[in-house]
Amino acid sequence: MIAIVDYGVGNLFSLCSSFNYIGKQVTVTGERAQLERADHILLPGVGAFADAAKKLRDSGLDQVLLEQAHKGKPIMGICLGMHMRFEESHEYGYHKGLGLIKGDIVPMQGRLPQELKIPHIGWNELHFKGEKHPIFRYLGEQECMYFVHSFFGVDCDENVIATTEYGIEMTAAVARGNVCGCQFHPEKSGEAGLNILRGFCDWEV
Amino acid sequence: MITKRIIPCLDVKNGRVVKGTNFEGLADVSSPVELGRYYSAHGADELVFYDITASAEGRGLFTDILKQVASSVFIPLTVGGGINTVEDFDRVLKCGADKVSVNSGAIRNPALVEQAARLYGDQCVVLSVDVKRVDGVFRVFAKGGRENTGMEALSWIKRCVDSGAGEVVVNSIDTDGVKGGFDLEMLEQVCNLVNVPVIASGGAGCINDFVTLFKTLPKVDAGLAASIFHFGEVSIADLKQELKANNITVRL
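The structure reproduced in this document is the subject of the present report.

1. Considerations on the overall build of chain A
For step 1, the next point in the chain: Along the backbone of chain A there are six helices and 14 strands.
For step 2, the next point in the chain: For chain A, the C-alpha radius of gyration of 16 Å lies close to 17 Å, the compact-globule estimate for 205 residues.
For step 3, the next point in the chain: On the principal axes, the C-alpha backbone points of chain A span a range of 50 × 40 × 30 Å.
For step 4, the next point in the chain: Within the span of chain A, comprising 205 residues, buried residues form 52% of the whole.
For step 5, the next point in the chain: Across chain A, the fraction of contacts at a sequence separation of at least 24, relative to all contacts at a separation of at least 6, is 67%.

See below:
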(Lines give C-alpha, C1' and ligand atoms only; values in the text may rest on other atoms or scores of the structure.)
Protein backbone atom coordinates (compact mmCIF):
# COMPACT_ATOMS: atom_id res chain seq x y z
CA MET A 1 0.00 0.00 0.00
CA ILE A 2 1.22 3.49 -0.94
CA ALA A 3 0.25 6.28 1.44
CA ILE A 4 -0.02 9.83 0.12
CA VAL A 5 0.42 12.27 3.00
CA ASP A 6 -2.57 14.57 3.33
CA TYR A 7 -1.64 17.65 5.32
CA GLY A 8 -4.03 20.08 3.69
CA VAL A 9 -1.72 21.22 0.92
CA GLY A 10 -2.17 20.79 -2.80
CA ASN A 11 -4.39 18.84 -5.05
CA LEU A 12 -4.06 15.10 -4.81
CA PHE A 13 -6.48 14.20 -7.60
CA SER A 14 -3.83 13.67 -10.29
CA LEU A 15 -1.48 11.72 -8.04
CA CYS A 16 -4.26 9.35 -6.98
CA SER A 17 -5.37 8.93 -10.60
CA SER A 18 -1.81 8.10 -11.64
CA PHE A 19 -1.41 5.36 -9.05
CA ASN A 20 -4.85 3.97 -9.92
CA TYR A 21 -3.85 3.95 -13.57
CA ILE A 22 -0.68 1.92 -12.91
CA GLY A 23 -2.72 -0.47 -10.78
CA LYS A 24 -1.36 0.48 -7.36
CA GLN A 25 -3.53 0.90 -4.30
CA VAL A 26 -3.18 4.26 -2.61
CA THR A 27 -4.60 5.79 0.48
CA VAL A 28 -4.66 9.52 1.11
CA THR A 29 -4.13 9.98 4.79
CA GLY A 30 -3.05 12.27 7.59
CA GLU A 31 -3.14 9.49 10.21
CA ARG A 32 -0.07 8.15 11.95
CA ALA A 33 -1.29 4.54 12.02
CA GLN A 34 -1.88 4.42 8.27
CA LEU A 35 1.49 5.97 7.51
CA GLU A 36 3.14 3.41 9.80
CA ARG A 37 1.34 0.58 7.99
CA ALA A 38 2.13 1.80 4.46
CA ASP A 39 4.89 0.12 2.43
CA HIS A 40 5.81 3.38 0.69
CA ILE A 41 5.06 6.99 1.56
CA LEU A 42 4.66 9.86 -0.84
CA LEU A 43 4.86 13.50 0.28
CA PRO A 44 3.22 15.82 -2.25
CA GLY A 45 3.28 19.58 -2.11
CA VAL A 46 2.19 22.62 -4.04
CA GLY A 47 2.32 26.19 -2.83
CA ALA A 48 4.64 28.02 -0.48
CA PHE A 49 7.31 26.38 1.68
CA ALA A 50 6.56 28.28 4.89
CA ASP A 51 2.84 27.50 4.81
CA ALA A 52 3.36 23.83 3.92
CA ALA A 53 6.09 23.30 6.51
CA LYS A 54 3.88 24.87 9.18
CA LYS A 55 0.95 22.64 8.26
CA LEU A 56 3.20 19.59 8.37
CA ARG A 57 4.54 20.60 11.79
CA ASP A 58 1.15 21.56 13.22
CA SER A 59 -0.29 18.21 12.19
CA GLY A 60 2.63 16.42 13.85
CA LEU A 61 3.19 14.54 10.61
CA ASP A 62 6.76 15.86 10.34
CA GLN A 63 7.72 13.65 13.30
CA VAL A 64 5.92 10.64 11.80
CA LEU A 65 7.77 11.15 8.53
CA LEU A 66 11.13 11.45 10.28
CA GLU A 67 10.44 8.27 12.25
CA GLN A 68 9.40 6.37 9.13
CA ALA A 69 12.41 7.70 7.23
CA HIS A 70 14.77 6.55 9.96
CA LYS A 71 13.09 3.15 10.00
CA GLY A 72 14.10 2.75 6.38
CA LYS A 73 10.72 3.01 4.63
CA PRO A 74 10.90 4.27 1.02
CA ILE A 75 9.65 7.85 0.97
CA MET A 76 9.36 10.14 -2.02
CA GLY A 77 8.74 13.87 -2.05
CA ILE A 78 7.40 15.69 -5.10
CA CYS A 79 8.20 19.33 -5.87
CA LEU A 80 7.59 21.21 -2.61
CA GLY A 81 7.39 17.78 -0.95
CA MET A 82 11.00 17.35 -2.06
CA HIS A 83 11.99 20.83 -0.89
CA MET A 84 10.82 20.05 2.63
CA ARG A 85 13.35 17.20 2.86
CA PHE A 86 16.19 19.67 2.64
CA GLU A 87 17.91 21.28 5.59
CA GLU A 88 16.71 24.80 4.96
CA SER A 89 14.81 26.96 2.50
CA HIS A 90 15.28 30.57 1.47
CA GLU A 91 11.84 30.83 -0.11
CA TYR A 92 10.58 34.24 1.10
CA GLY A 93 12.61 34.20 4.30
CA TYR A 94 14.46 31.44 6.10
CA HIS A 95 12.75 28.19 7.05
CA LYS A 96 13.94 24.94 8.46
CA GLY A 97 13.22 21.73 6.55
CA LEU A 98 13.22 18.11 7.65
CA GLY A 99 16.95 17.82 7.01
CA LEU A 100 16.71 14.41 5.36
CA ILE A 101 18.61 15.61 2.30
CA LYS A 102 21.78 17.66 2.54
CA GLY A 103 21.46 21.09 0.99
CA ASP A 104 19.30 24.19 0.75
CA ILE A 105 16.41 25.51 -1.34
CA VAL A 106 17.10 28.84 -3.06
CA PRO A 107 15.25 31.10 -5.54
CA MET A 108 16.08 31.05 -9.27
CA GLN A 109 15.93 34.82 -9.27
CA GLY A 110 19.49 36.10 -9.66
CA ARG A 111 20.96 32.65 -10.27
CA LEU A 112 19.96 32.14 -13.91
CA PRO A 113 21.02 33.91 -17.10
CA GLN A 114 18.78 36.97 -17.37
CA GLU A 115 16.88 36.00 -20.50
CA LEU A 116 15.42 32.89 -18.89
CA LYS A 117 11.86 33.00 -17.67
CA ILE A 118 10.95 32.31 -14.05
CA PRO A 119 9.17 30.07 -13.09
CA HIS A 120 10.78 27.25 -15.02
CA ILE A 121 7.63 25.85 -16.64
CA GLY A 122 7.54 23.05 -19.16
CA TRP A 123 9.12 19.78 -20.24
CA ASN A 124 12.84 19.39 -19.74
CA GLU A 125 15.23 16.48 -20.15
CA LEU A 126 16.60 14.43 -17.25
CA HIS A 127 20.32 13.79 -16.98
CA PHE A 128 21.08 10.90 -14.65
CA LYS A 129 23.95 11.33 -12.20
CA GLY A 130 26.04 8.37 -11.13
CA GLU A 131 24.49 4.92 -11.15
CA LYS A 132 20.86 4.98 -12.33
CA HIS A 133 18.69 5.18 -9.22
CA PRO A 134 16.05 2.42 -8.75
CA ILE A 135 13.18 4.93 -9.23
CA PHE A 136 14.54 5.50 -12.75
CA ARG A 137 14.83 1.80 -13.59
CA TYR A 138 11.97 1.83 -16.11
CA LEU A 139 13.17 4.97 -17.90
CA GLY A 140 15.05 5.10 -21.17
CA GLU A 141 17.64 7.74 -21.96
CA GLN A 142 16.61 11.29 -22.96
CA GLU A 143 13.31 11.32 -21.13
CA CYS A 144 11.57 14.62 -20.46
CA MET A 145 9.66 15.53 -17.30
CA TYR A 146 7.23 18.35 -16.54
CA PHE A 147 8.61 21.08 -14.27
CA VAL A 148 6.86 24.02 -12.61
CA HIS A 149 8.95 25.84 -10.01
CA SER A 150 10.75 29.05 -9.04
CA PHE A 151 13.00 27.58 -6.33
CA PHE A 152 15.49 24.72 -6.47
CA GLY A 153 17.92 22.64 -4.44
CA VAL A 154 21.62 23.56 -4.12
CA ASP A 155 24.65 22.26 -2.21
CA CYS A 156 23.19 18.78 -2.42
CA ASP A 157 25.71 17.33 -4.90
CA GLU A 158 26.25 14.07 -3.05
CA ASN A 159 22.49 13.38 -3.05
CA VAL A 160 21.71 14.43 -6.63
CA ILE A 161 20.53 11.55 -8.84
CA ALA A 162 19.39 13.63 -11.83
CA THR A 163 19.72 17.17 -13.11
CA THR A 164 18.16 19.20 -15.87
CA GLU A 165 19.56 22.09 -17.86
CA TYR A 166 17.91 25.49 -17.57
CA GLY A 167 20.63 28.04 -18.11
CA ILE A 168 22.50 26.21 -15.37
CA GLU A 169 22.64 22.56 -14.36
CA MET A 170 19.74 22.35 -11.95
CA THR A 171 18.83 19.70 -9.38
CA ALA A 172 15.99 17.56 -10.75
CA ALA A 173 15.97 14.63 -8.33
CA VAL A 174 17.73 13.66 -5.11
CA ALA A 175 18.06 10.54 -2.99
CA ARG A 176 19.70 9.57 0.25
CA GLY A 177 19.24 6.01 1.44
CA ASN A 178 15.52 5.26 1.50
CA VAL A 179 14.46 8.87 0.90
CA CYS A 180 14.13 10.42 -2.56
CA GLY A 181 12.56 13.45 -4.15
CA CYS A 182 11.69 14.89 -7.56
CA GLN A 183 11.57 18.55 -8.49
CA PHE A 184 9.33 17.72 -11.48
CA HIS A 185 5.83 16.23 -11.45
CA PRO A 186 5.90 12.53 -12.43
CA GLU A 187 2.08 12.47 -12.31
CA LYS A 188 2.06 15.09 -15.10
CA SER A 189 4.95 13.73 -17.16
CA GLY A 190 3.14 11.26 -19.40
CA GLU A 191 4.23 7.64 -19.67
CA ALA A 192 7.80 8.45 -18.55
CA GLY A 193 6.46 10.00 -15.35
CA LEU A 194 4.23 6.99 -14.69
CA ASN A 195 7.35 4.85 -15.09
CA ILE A 196 9.00 6.76 -12.25
CA LEU A 197 5.98 6.07 -10.03
CA ARG A 198 6.23 2.38 -11.05
CA GLY A 199 9.93 2.46 -10.17
CA PHE A 200 9.16 4.00 -6.79
CA CYS A 201 6.49 1.35 -6.03
CA ASP A 202 8.96 -1.41 -6.88
CA TRP A 203 11.80 0.17 -4.91
CA GLU A 204 12.85 -2.06 -2.03
CA VAL A 205 15.42 -0.50 0.24
CA MET B 1 16.99 22.61 -22.45
CA ILE B 2 13.31 23.31 -22.07
CA THR B 3 11.25 22.03 -24.98
CA LYS B 4 8.70 23.88 -27.10
CA ARG B 5 5.21 22.73 -26.18
CA ILE B 6 2.49 21.59 -28.57
CA ILE B 7 -0.96 22.06 -27.08
CA PRO B 8 -4.23 20.80 -28.55
CA CYS B 9 -7.20 22.83 -27.43
CA LEU B 10 -10.61 21.33 -26.92
CA ASP B 11 -13.64 23.61 -26.96
CA VAL B 12 -16.34 21.80 -25.03
CA LYS B 13 -20.03 22.63 -25.27
CA ASN B 14 -22.62 20.56 -23.46
CA GLY B 15 -20.09 17.80 -22.95
CA ARG B 16 -18.87 17.54 -26.56
CA VAL B 17 -15.84 18.96 -28.35
CA VAL B 18 -16.61 21.59 -30.98
CA LYS B 19 -14.53 23.88 -33.14
CA GLY B 20 -15.60 26.85 -35.15
CA THR B 21 -13.98 29.07 -37.70
CA ASN B 22 -13.58 32.62 -36.41
CA PHE B 23 -15.68 31.44 -33.46
CA GLU B 24 -18.81 31.03 -35.61
CA GLY B 25 -20.48 27.96 -37.12
CA LEU B 26 -19.58 25.39 -34.47
CA ALA B 27 -19.46 21.75 -35.54
CA ASP B 28 -19.51 18.72 -33.25
CA VAL B 29 -16.18 16.91 -33.43
CA SER B 30 -15.77 14.28 -30.72
CA SER B 31 -15.84 13.13 -27.13
CA PRO B 32 -13.58 15.13 -24.82
CA VAL B 33 -12.57 12.06 -22.81
CA GLU B 34 -11.60 10.10 -25.93
CA LEU B 35 -9.78 13.02 -27.48
CA GLY B 36 -7.99 13.88 -24.24
CA ARG B 37 -6.77 10.33 -23.74
CA TYR B 38 -5.68 10.14 -27.37
CA TYR B 39 -3.66 13.35 -27.20
CA SER B 40 -2.10 12.44 -23.84
CA ALA B 41 -0.86 9.17 -25.32
CA HIS B 42 0.20 10.64 -28.68
CA GLY B 43 2.71 13.30 -27.80
CA ALA B 44 0.68 16.34 -26.73
CA ASP B 45 2.63 18.30 -24.11
CA GLU B 46 -0.42 19.77 -22.49
CA LEU B 47 -4.18 19.97 -23.00
CA VAL B 48 -6.46 22.97 -22.85
CA PHE B 49 -10.16 22.59 -22.17
CA TYR B 50 -12.44 25.52 -22.78
CA ASP B 51 -15.97 25.27 -21.49
CA ILE B 52 -18.05 27.29 -23.94
CA THR B 53 -21.33 26.14 -22.41
CA ALA B 54 -23.76 28.92 -21.61
CA SER B 55 -26.18 27.21 -19.20
CA ALA B 56 -25.63 26.17 -15.58
CA GLU B 57 -26.86 22.69 -16.47
CA GLY B 58 -24.24 22.33 -19.16
CA ARG B 59 -21.62 23.59 -16.73
CA GLY B 60 -22.44 20.74 -14.34
CA LEU B 61 -21.99 18.27 -17.18
CA PHE B 62 -18.63 19.86 -17.98
CA THR B 63 -17.50 19.36 -14.37
CA ASP B 64 -18.32 15.64 -14.58
CA ILE B 65 -16.54 15.27 -17.89
CA LEU B 66 -13.55 17.25 -16.64
CA LYS B 67 -13.11 14.75 -13.80
CA GLN B 68 -13.22 11.88 -16.29
CA VAL B 69 -10.68 13.59 -18.52
CA ALA B 70 -8.38 14.52 -15.64
CA SER B 71 -8.33 10.98 -14.29
CA SER B 72 -7.13 9.54 -17.59
CA VAL B 73 -4.74 12.26 -18.75
CA PHE B 74 -1.21 12.40 -17.32
CA ILE B 75 -0.01 15.65 -18.83
CA PRO B 76 -0.79 19.18 -17.62
CA LEU B 77 -4.40 20.20 -18.04
CA THR B 78 -5.52 23.81 -18.35
CA VAL B 79 -9.20 24.63 -17.99
CA GLY B 80 -10.96 27.81 -19.02
CA GLY B 81 -14.39 29.13 -19.85
CA GLY B 82 -16.80 30.69 -17.38
CA ILE B 83 -14.07 31.45 -14.82
CA ASN B 84 -15.30 34.56 -13.03
CA THR B 85 -14.40 34.07 -9.37
CA VAL B 86 -11.86 32.32 -7.17
CA GLU B 87 -14.64 29.83 -6.40
CA ASP B 88 -14.60 28.91 -10.10
CA PHE B 89 -10.84 28.33 -9.80
CA ASP B 90 -11.46 26.09 -6.82
CA ARG B 91 -14.18 24.16 -8.64
CA VAL B 92 -12.06 23.21 -11.65
CA LEU B 93 -8.86 22.65 -9.66
CA LYS B 94 -10.73 20.13 -7.51
CA CYS B 95 -11.77 18.33 -10.70
CA GLY B 96 -8.11 17.81 -11.58
CA ALA B 97 -7.14 20.92 -13.57
CA ASP B 98 -3.53 22.05 -13.10
CA LYS B 99 -3.94 25.56 -14.42
CA VAL B 100 -6.92 27.81 -14.91
CA SER B 101 -7.35 30.14 -17.82
CA VAL B 102 -9.15 33.46 -17.39
CA ASN B 103 -10.43 35.70 -20.15
CA SER B 104 -13.75 37.57 -19.88
CA GLY B 105 -13.80 37.01 -16.11
CA ALA B 106 -10.60 39.03 -15.73
CA ILE B 107 -11.94 41.76 -18.02
CA ARG B 108 -15.04 42.11 -15.83
CA ASN B 109 -13.02 41.91 -12.62
CA PRO B 110 -9.31 42.62 -13.11
CA ALA B 111 -8.63 41.85 -9.42
CA LEU B 112 -9.40 38.20 -10.16
CA VAL B 113 -5.89 37.57 -11.54
CA GLU B 114 -4.21 38.84 -8.40
CA GLN B 115 -6.62 37.09 -6.03
CA ALA B 116 -6.17 33.76 -7.79
CA ALA B 117 -2.38 34.12 -8.06
CA ARG B 118 -2.13 34.80 -4.35
CA LEU B 119 -4.25 31.74 -3.51
CA TYR B 120 -2.97 29.23 -6.03
CA GLY B 121 0.35 30.66 -7.25
CA ASP B 122 1.26 32.47 -10.48
CA GLN B 123 1.92 29.20 -12.28
CA CYS B 124 -1.76 28.32 -11.90
CA VAL B 125 -3.15 31.47 -13.53
CA VAL B 126 -3.15 31.59 -17.33
CA LEU B 127 -4.30 34.78 -18.99
CA SER B 128 -6.11 34.07 -22.23
CA VAL B 129 -6.69 37.05 -24.44
CA ASP B 130 -8.57 37.37 -27.73
CA VAL B 131 -6.97 40.14 -29.76
CA LYS B 132 -8.03 41.82 -33.00
CA ARG B 133 -6.69 44.77 -34.92
CA VAL B 134 -9.08 47.70 -35.02
CA ASP B 135 -7.83 50.68 -37.04
CA GLY B 136 -4.27 49.42 -36.64
CA VAL B 137 -4.45 49.01 -32.85
CA PHE B 138 -4.54 45.67 -31.01
CA ARG B 139 -7.79 45.57 -29.05
CA VAL B 140 -9.01 43.08 -26.46
CA PHE B 141 -12.23 41.32 -27.39
CA ALA B 142 -14.57 39.65 -24.91
CA LYS B 143 -17.37 37.09 -25.06
CA GLY B 144 -15.60 34.63 -27.33
CA GLY B 145 -14.38 37.35 -29.64
CA ARG B 146 -17.75 39.01 -30.26
CA GLU B 147 -17.37 42.19 -28.25
CA ASN B 148 -14.73 44.90 -28.54
CA THR B 149 -13.82 46.00 -25.02
CA GLY B 150 -11.96 49.02 -26.38
CA MET B 151 -8.96 48.09 -24.22
CA GLU B 152 -5.51 48.22 -25.79
CA ALA B 153 -4.23 44.63 -25.76
CA LEU B 154 -0.55 45.07 -24.90
CA SER B 155 -1.18 47.21 -21.83
CA TRP B 156 -3.90 44.78 -20.72
CA ILE B 157 -1.51 41.82 -21.01
CA LYS B 158 1.24 43.68 -19.16
CA ARG B 159 -1.13 44.64 -16.38
CA CYS B 160 -2.32 41.05 -15.91
CA VAL B 161 1.22 39.63 -15.90
CA ASP B 162 2.25 42.25 -13.35
CA SER B 163 -0.67 41.15 -11.15
CA GLY B 164 0.34 37.50 -11.29
CA ALA B 165 -0.67 35.78 -14.54
CA GLY B 166 1.99 33.08 -14.98
CA GLU B 167 1.41 32.41 -18.69
CA VAL B 168 -0.30 34.19 -21.56
CA VAL B 169 -2.29 32.59 -24.37
CA VAL B 170 -2.44 35.09 -27.21
CA ASN B 171 -5.27 34.27 -29.56
CA SER B 172 -5.36 36.36 -32.69
CA ILE B 173 -8.92 36.72 -33.97
CA ASP B 174 -7.48 38.04 -37.24
CA THR B 175 -5.71 34.76 -38.02
CA ASP B 176 -7.98 32.30 -36.15
CA GLY B 177 -9.63 29.75 -38.41
CA VAL B 178 -7.92 31.15 -41.50
CA LYS B 179 -5.13 28.51 -41.39
CA GLY B 180 -2.62 30.92 -42.90
CA GLY B 181 -0.14 30.79 -40.02
CA PHE B 182 0.21 32.34 -36.57
CA ASP B 183 0.03 36.09 -36.03
CA LEU B 184 3.78 36.66 -35.79
CA GLU B 185 3.54 40.44 -35.64
CA MET B 186 1.21 40.37 -32.65
CA LEU B 187 3.14 37.59 -30.88
CA GLU B 188 6.47 39.34 -31.25
CA GLN B 189 5.14 42.41 -29.49
CA VAL B 190 3.79 40.32 -26.62
CA CYS B 191 7.09 38.40 -26.30
CA ASN B 192 9.01 41.64 -26.04
CA LEU B 193 6.65 42.88 -23.37
CA VAL B 194 6.47 40.08 -20.79
CA ASN B 195 8.83 37.58 -19.22
CA VAL B 196 6.38 34.72 -18.67
CA PRO B 197 5.66 31.90 -21.14
CA VAL B 198 3.75 33.02 -24.24
CA ILE B 199 1.50 30.54 -26.00
CA ALA B 200 0.62 31.27 -29.61
CA SER B 201 -2.93 30.57 -30.70
CA GLY B 202 -4.95 31.14 -33.84
CA GLY B 203 -3.98 30.47 -37.41
CA ALA B 204 -2.09 27.17 -37.52
CA GLY B 205 -2.95 25.42 -40.78
CA CYS B 206 -0.01 23.10 -41.35
CA ILE B 207 3.20 21.78 -39.82
CA ASN B 208 5.25 24.50 -41.40
CA ASP B 209 3.31 27.18 -39.54
CA PHE B 210 4.74 25.84 -36.27
CA VAL B 211 8.27 25.67 -37.69
CA THR B 212 7.96 29.29 -38.82
CA LEU B 213 6.55 30.29 -35.43
CA PHE B 214 9.41 28.88 -33.36
CA LYS B 215 12.14 29.82 -35.88
CA THR B 216 10.95 33.41 -36.22
CA LEU B 217 10.07 33.93 -32.57
CA PRO B 218 12.34 31.79 -30.36
CA LYS B 219 10.80 33.42 -27.29
CA VAL B 220 7.41 31.79 -27.93
CA ASP B 221 7.09 28.80 -25.60
CA ALA B 222 4.19 26.90 -27.09
CA GLY B 223 1.85 26.59 -30.04
CA LEU B 224 -1.83 25.87 -29.53
CA ALA B 225 -4.29 24.62 -32.12
CA ALA B 226 -7.58 22.77 -32.35
CA SER B 227 -9.15 21.73 -35.62
CA ILE B 228 -5.98 20.73 -37.47
CA PHE B 229 -5.36 18.19 -34.71
CA HIS B 230 -8.97 17.08 -34.22
CA PHE B 231 -9.58 16.48 -37.92
CA GLY B 232 -6.27 14.65 -38.27
CA GLU B 233 -4.84 17.15 -40.74
CA VAL B 234 -1.68 17.33 -38.63
CA SER B 235 -0.44 14.55 -36.37
CA ILE B 236 1.49 15.69 -33.32
CA ALA B 237 4.13 13.00 -33.91
CA ASP B 238 4.82 14.24 -37.47
CA LEU B 239 4.80 17.82 -36.29
CA LYS B 240 7.40 17.13 -33.59
CA GLN B 241 9.65 15.19 -35.96
CA GLU B 242 9.62 18.13 -38.34
CA LEU B 243 10.38 20.59 -35.53
CA LYS B 244 13.27 18.40 -34.42
CA ALA B 245 14.58 18.25 -37.99
CA ASN B 246 14.61 22.06 -37.86
CA ASN B 247 16.70 22.05 -34.66
CA ILE B 248 13.78 23.05 -32.45
CA THR B 249 13.90 21.25 -29.08
CA VAL B 250 10.81 19.12 -28.53
CA ARG B 251 9.82 16.18 -26.37
CA LEU B 252 9.56 13.04 -28.49
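2. Structural notes on the sheet that holds strand 5 (residues 88-89) of chain A
Residue and element names in this part refer to chain A.
For step 1, the next point in the chain: Overall, mixed pairing links the four strands, which are arranged 6-5-7-11 in an open sheet. Single-partner strands in this sheet number two, and they are strand 6 (95-96) and strand 11 (151-154).
For step 2, the next point in the chain: Pairing of strand 7 (residues 104-107) with strand 11 involves four bridges; the strand directions are antiparallel. Residue isoleucine 105 lies in a different strand from strand 11, and its bridge partner there is glycine 153.

3. Observations concerning the pairing of strand 12 (residues 160-166) of chain A
Residues in a regular strand point their side chains to alternate faces of the sheet.
Residues and elements named next belong to chain A.
For step 1, the next point in the chain: Burial within strand 12 is extensive, with six of its seven residues counted as buried.
For step 2, the next point in the chain: In this sheet, strand 12 lies alongside strand 9 (residues 127-128) in antiparallel orientation, the contact comprising two bridges. Bridging from a neighbouring strand, phenylalanine 128 pairs with alanine 162 of strand 12.
For step 3, the next point in the chain: Both strand 12 and strand 13 (residues 168-176) contribute to a ladder of six bridges, which runs antiparallel. Counterpart to alanine 162 in the pairing with strand 13 is alanine 173.
For step 4, the next point in the chain: Counted along the chain from strand 12 to the antiparallel partner strand 13, the turn is one residue long, and its residue glycine 167 has a positive phi close to 75°.

4. Let's talk about the environment of B:Lys13
For step 1, the next point in the chain: The topology assignment puts B:Lys13 in strand 1 (residues 5-13).
For step 2, the next point in the chain: C-alpha separation for the pair B:Lys13 and B:Gly145, spaced 132 residues apart in sequence, amounts to 16 Å.

5. Description of the nonpolar core
For step 1, the next point in the chain: Core analysis: the biggest nonpolar cluster contains 81 residues, and B:Val100, B:Val168 and B:Val170 have the highest contact counts within it.
For step 2, the next point in the chain: Filtering out sequence-adjacent residues up to four positions away, B:Val168 remains in contact with B:Leu127, B:Val129, B:Ile157, B:Val161, B:Val190, B:Val194, B:Val196, B:Val198 and B:Ile199.
For step 3, the next point in the chain: Listed in part, the 66 residues of the second largest apolar core include A:Leu43, A:Leu65, A:Met145 and A:Tyr166.

6. What about helix 10 (residues 236-245) of chain B?
All names here are of chain B.
For step 1, the next point in the chain: Every buried residue of helix 10 is listed here: Leu239, Lys240 and Leu243. End-on, the buried residues of helix 10 take up no more than an arc of 95°, which puts them together on one face. Turned more than 90 degrees away from the buried face of helix 10, the exposed residues are Ala237, Asp238 and Ala245.
For step 2, the next point in the chain: Two residues or fewer after helix 10 comes asparagine 247, characterised by a positive phi angle close to 60°.

7. Details of unusual backbone geometry
All names here are of chain A.
For step 1, the next point in the chain: Here the bond from isoleucine 118 into proline 119 is cis, since omega is 0°, no more than 30 degrees from zero.
For step 2, the next point in the chain: Within the chain, cysteine 79 stands out as a residue other than glycine whose phi angle is a positive 55°.
For step 3, the next point in the chain: Tracing the chain through its elements places cysteine 79 in the loop between strand 4 (75-78) and helix 5 (80-83).
For step 4, the next point in the chain: Cysteine 79 gets classed as buried once you count the C-beta atoms within 10 Å, which come to 23.
For step 5, the next point in the chain: Non-glycine residue glutamine 142 carries a positive phi angle of around 55°.
For step 6, the next point in the chain: Within the secondary structure, glutamine 142 sits in the loop between strand 9 and strand 10 (144-149).
For step 7, the next point in the chain: Taking the C-beta count within 10 Å as the criterion, glutamine 142 has 11 such neighbours and is therefore assigned exposed.

How each quantity is defined
Residues numbered from 1 in each chain as written. Chains lettered and ligands numbered in written order. Predicted model: local features only at pLDDT ≥ 70, side-chain atom pairs only at ≥ 80, totals over all residues. Helix = DSSP H or I, 4+ residues; strand = E, 2+ residues; numbered from the N terminus. Rg over C-alpha atoms; globule rule 2.2 N^0.38 Å. Buried ≥ 20, exposed ≤ 12 C-beta atoms within 10 Å, placed from the backbone. Contact = placed C-beta atoms within 7 Å. Pairing = 2+ DSSP bridges. Core = buried A, V, L, I, M, F, W, Y, C linked by C-beta atoms within 7 Å. Arc of directions from axis to C-beta.

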